[in-house]
Amino acid sequence: MKMTEIKSLETKELAERIEAEVAKYDQMTLNHAVSPLENPSQIKAARRDIARLKTELRQRELNK
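Model, not experiment: these values are computed from the prediction.

S.K.: Teacher, can you tell me more about the overall build of the protein chain here?
M.R.: A count of helical and extended segments in the protein chain gives three helices and zero strands. Overall, the protein chain shows an N-to-C arrangement of helices and strands of α-α-α. Taken along the three principal axes of its C-alpha coordinates, the protein chain extends 45 × 15 × 15 Å. Here the analysis covers contacts within the protein chain between residues at least 6 apart in sequence; of these, 64% occur between residues at least 24 apart. Charge centroids of the protein chain, computed over 13 positive and 11 negative side chains, lie 6 Å from each other.

S.K.: Just checking my understanding: could you explain helix H3 (residues 41–62) for this structure?
M.R.: Every α-helix winds through 3.6 residues per turn, so residues three or four apart in the chain are directed the same way. If you check H3, its first and last C-alpha atoms are 32 Å apart, about what 22 residues at 1.5 Å a residue would give, namely 32 Å. By the burial criterion, the buried members of H3 are Ile43, Ala46, Asp49, Ile50, Leu53, Glu56, Leu57 and Arg60. Seen from one end, H3 has its buried residues packed into an arc of 155°, which puts them on one side. For H3, the elements touching its buried residues are helix H1 (3–8) and helix H2 (11–34).

S.K.: In this structure, what is going on with the side chain of Glu56? I would like to understand it.
M.R.: On the secondary structure map, Glu56 appears in helix H3. Residue classification places Glu56 among the buried residues on the basis of a relative accessible area of 9%. Separated by 3.0 Å, the side chains of Glu56 and Arg60 make a polar contact. When residues no more than four places from it in sequence are discounted, the contact partners of Glu56 are Met3, Ile6, Lys7 and Leu14.

S.K.: Even after reading the chapter, I still don't get the nonpolar core, so can you show me in this structure?
M.R.: A general tendency of soluble globular proteins is for nonpolar side chains to be buried together. Counting six residues, the largest nonpolar core is built from Ile6, Leu9, Leu14, Ile18, Leu53 and Leu57. Breaking this core down by element, the ones donating at least two residues are H2 and H3. Excluding anything up to four places from it in sequence, Leu57 contacts Thr11, Leu14 and Ile18. If you look at the next biggest cluster of nonpolar residues, it comprises five residues, including Tyr25, Ile43, Ala46 and Ile50.

S.K.: What is the right way to look at H2 in this model?
M.R.: When the terminal C-alpha atoms of H2 are compared, their 35 Å separation across 24 residues agrees well with the 34 Å that a helix rising 1.5 Å per residue should span. Among the residues of H2, Leu14, Ile18, Glu21, Tyr25 and Met28 are the ones counted as buried. Tucked inside the fold, the buried residues of H2 contact H1 and H3.

Cut-offs applied
- Residues numbered from 1 in each chain as written.
- Predicted model: local features only at pLDDT ≥ 70, side-chain atom pairs only at ≥ 80, totals over all residues.
- Heavy atoms only, no water.
- Helix = DSSP H or I, 4+ residues; strand = E, 2+ residues; numbered from the N terminus.
- Contact = heavy atoms within 4.5 Å.
- Lys, Arg positive; Asp, Glu negative; His and termini not counted.
- Charge placed at Lys NZ, Arg CZ, Asp CG, Glu CD.
- Expected span 1.5 Å × (residues − 1).
- Buried < 20%, exposed > 50% of the residue type's maximum accessible area, 1.4 Å probe, protein only.
- Arc of directions from axis to C-beta.
- Polar contact = N/O pair within 3.5 Å; in protein donor to acceptor, adjacent residues only side chain to side chain.
- Core = buried A, V, L, I, M, F, W, Y, C linked by side-chain atoms within 4.5 Å.

If you want it as structure tokens, here you go:
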């Protein structure tokens with residue numbers, strides 16, 4: 001997910017997307033612990049996407 005896509009989201013959508021991505025990340029890590037994922041770099045990418053989303057949400061909180 002690119003920053004331009006993230007910036008175009010509304011704040012409410014951003015918070016919902018964070019919750020969804022965290023749930024997806026947790027499920028991926030659990031699945032990876034049971035049986036290795038085909039592409040384990042997906043975990044790293046998901047973690048970074050979550051960080052990008054949280055960064056944008058925090059920026060919006062500080063700019064109010």
